[in-house]
Amino acid sequence: MILEQIRRRAAADIQHIILPEGDDARTIEAAAICARDRLAKITVIGNDEKVRAIAAETGANLNGVDILDHRKSHDFKKFAEMYHQMRRAKGVTLEEAEQTVKDPLYFGNLLVRDGKANGSVAGATNTTAHTVAAAIRCIGVRQGFKIVSSFFLMVLPEKKFGEKGAMIYADCGVVVDPDVGELAEIAIASADSCRALLNAEPRVAMLSFSTKGSAKHKLIDKVVEATKTVKVRLPDLAIDGELQADAALIPSVGESKAPGSHVAGHANVLIFPDLNSGNIAYKLTERLTGGTAIGPILQGLDKPCNDLSRGCKAEDIVDAVAITAVQSQARKAI
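Residues numbered from 1 in each chain as written. Predicted model: local features only at pLDDT ≥ 70, side-chain atom pairs only at ≥ 80, totals over all residues. Heavy atoms only, no water.

A. View of the sheet that holds strand E8 (residues 238-243). Overall, mixed pairing links the six strands, which are arranged E8-E7-E9-E6-E5-E10 in an open sheet. Either end of the sheet is taken by a strand with one partner, and the two such strands are E8 and strand E10 (292-299). Here the strands of the sheet are splayed against their neighbours by 20 degrees on average, with no regard to which way each runs. As paired elements, strand E7 (residues 203-207) and strand E9 (residues 269-271) share three bridges and run parallel to each other. Looking across to E9, one finds that Met206 is bridged to Ile271. Most of the contacts of helix H8 (residues 180-198) go to strand E6 (residues 166-170), to which it runs at about 155 degrees, and overall it touches strand E5 (149-155), E6, E7, E8, E9 and E10. Its contacts with the sheet put helix H9 (residues 218-233) on E7 and E8, and the angle it makes with E8 is roughly 170 degrees. (Pairing = 2+ DSSP bridges. Helix = DSSP H or I, 4+ residues; strand = E, 2+ residues; numbered from the N terminus. Axes fitted to C-alpha atoms, helices over the stretch in contact; angles between N-to-C directions. Contact = heavy atoms within 4.5 Å.)

Shown next as structure tokens:
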């Protein structure tokens, strides 16, 4: 249901999304579906003849899909010079910039940076490390932020949790061991992601193995300080911590362990103290509940770019396009 809602919202305000992996059959099929269902304006980056040959083999109808051979694009030289200016302080020469921009992921993200598109989706044939690096180097981090993080949109059979079973888990995929400031940024970005994708006001639980001082440890201190940091930056945000998972999710436990909290027992955003706990938690939740984990979805970029699993199906790419489109809508509304 949540994915259907996201697709409807994407279709209601069409965004321009780049699919830079035009040599992949799943990408071509997904582009055709997006155009057919009018979920987004799609540009596939690749050689025109090769893209159309793949479409013919798979039976994909590319009516309404733009195909861009970036190496022949009139923007190629401009983007090489742009990338050189962006990275010259890091020692990147113009010749190196030209080689980098030959990579379709970099060219696609420069289209987004330049305002010619609203977002990009890649990772069907590229590693997460390469996909994220291209996004950070070309699009950059959102103003006021220092890091890019990720979240999973969890859809659970038990509708009593979160927003009718939908929740945000972060960070479960990118930042390994966030410090206090980074953990605070993850919480702030995840609150925005909750508004964008769940269309709901966030109730953010900063998780630990302690609730309100029930234990003492430096790992708990990090969560407490991060919570304080968020409250200073966003005093109107519903956030509480440190909370144990049961106190965050079960009303009776929340009332007992954290009386007076507006978040305890009702959280729809769970912030984990590190990647160990976050990654373990989302996989356990998915397997033990029979729920669905959608992601990782990137957050903290100036404009949206999302990563795919290399084992993804065409429908997964379509969902990622819809999510990216809704993220773009939300960023424009800020």
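B. Here's a closer look at the packing of aromatic side chains. Following the criterion strictly, the structure yields four aromatic pairs and no others. Relative to Phe107, the ring of Phe79 lies with its centre 5.0 Å away and its plane at 55 degrees, an arrangement referred to as tilted. Taken together, the residues Phe79 in helix H4 (residues 76-87) and Phe107 in helix H6 (residues 104-113) connect sequence positions 28 residues apart. Assigned by exposure class, Phe79 and Phe107 land together as buried. Taking NZ or CZ as reference, Arg233 lies 5.8 Å from the ring centre of Phe145, over its face. (Phe/Tyr/Trp six-rings, centres within 6.5 Å; stacked < 30°, edge-to-face > 60°. Buried < 20%, exposed > 50% of the residue type's maximum accessible area, 1.4 Å probe, protein only. Lys NZ or Arg CZ within 6 Å of the ring centre and 35° of its normal.)

C. Examining the side chain of His70 more closely. Residue placement: His70 occurs in the loop between strand E3 (65-68) and H4. Among the polar contacts made by the side chain of His70, one reaches the main-chain carbonyl oxygen of Lys102 at a distance of 2.5 Å. With residues near it in sequence (within four places) discarded, His70 still touches Ile45, Phe76, Val101, Lys102, Asp103, Pro104 and Phe107. (Polar contact = N/O pair within 3.5 Å; in protein donor to acceptor, adjacent residues only side chain to side chain.)

D. Region of the structure containing the environment of Val65. When you line up the elements, Val65 lands in strand E3. Counting along the chain gives 24 residues from Val65 to Lys41, while the straight-line C-alpha distance between them is 7.2 Å. Once you skip the residues sitting within four places of it in the chain, Val65 turns out to touch Ala31, Ala32, Ala35, Ile42 and Val44.

E. Fine view of the packing of helix H1 (residues 2-12) against H8. Following both chains from N to C, one finds H1 and H8 inclined at 80 degrees, their axes separated by 10 Å at the closest point. As judged from the angle between their axes, H1 and H8 are roughly perpendicular. Only Arg195, Ala196, Leu197 and Leu198 of H8 make contact with H1, whose side of the interface consists of Ile2, Ile6 and Arg9. Of the residues contributing to the contact of H1 with H8, the split by class is five nonpolar, no polar and two charged. (Parallel < 35°, antiparallel > 145°, perpendicular 65-115°, else oblique. Nonpolar A, V, L, I, M, F, W, Y, C, P; charged D, E, K, R; others polar.)

F. Here's a closer look at the packing of H1 against helix H13 (residues 314-333). Where H1 contacts H13, the axes come no closer than 8 Å and their chain directions differ by 55 degrees. By the criterion of interaxial angle, the relationship of H1 to H13 is oblique. Between H1 and H13 lies a crossing of left-handed hand. For the pair formed by H1 and H13, the contact residues are Leu3, Ile6, Arg7, Arg9 and Ala10 on the first element and Glu315, Val318, Asp319, Ala322, Ile323, Ala325, Val326 and Gln329 on the second. Residues belonging to the contact of H1 with H13 are distributed by class as follows: eight nonpolar, one polar and four charged. (Left-handed = near helix turned anticlockwise from the far one by under 90°.)

G. Region of interest: helix H12 (residues 275-289). For H12, spanning 15 residues, the distance from its first C-alpha to its last is 21 Å, which sits close to the expected 21 Å at 1.5 Å a residue. Every buried residue of H12 is accounted for by Leu275, Gly278, Ala281, Tyr282 and Thr285. Buried residues in H12, looked at end-on, bunch into an arc of 140 degrees, giving them a common side. Of the exposed residues in H12, those oriented more than 90 degrees away from the buried face are Asn276, Arg287 and Leu288. (Expected span 1.5 Å × (residues − 1). Arc of directions from axis to C-beta.)

H. Representation of H9. The end-to-end C-alpha distance of H9 is 23 Å, a good match for the 22 Å that 16 residues give at a rise of 1.5 Å each. Turning to H9, its buried residues are Ile220, Lys222, Val223, Ala226, Thr227 and Val230. Buried residues in H9, looked at end-on, bunch into an arc of 155 degrees, giving them a common side. Turned more than 90 degrees from where H9 packs its buried face, Lys218 and Val232 sit exposed. For H9, the elements touching its buried residues are H8, E7 and E8.

I. Molecular detail of a nonpolar patch on the surface. A contiguous nonpolar patch, built from Ile280, Leu284 and Leu288 and spanning about 330 Å² of accessible area, is present on the exposed surface. Relative to the helices and strands, Leu284 is located in helix H12. For Leu284, a relative accessible area of 47% gives the class partly exposed. (Patch = residues over 30% accessible without salt bridge, like charges linked within 9 Å, V, L, I, M, F, W, Y side chains within 5 Å. Areas by Shrake-Rupley, 256 points an atom, 1.4 Å probe, with all protein chains shown as cover. Salt bridge = Lys/Arg side-chain N within 4 Å of Asp/Glu carboxyl O.)

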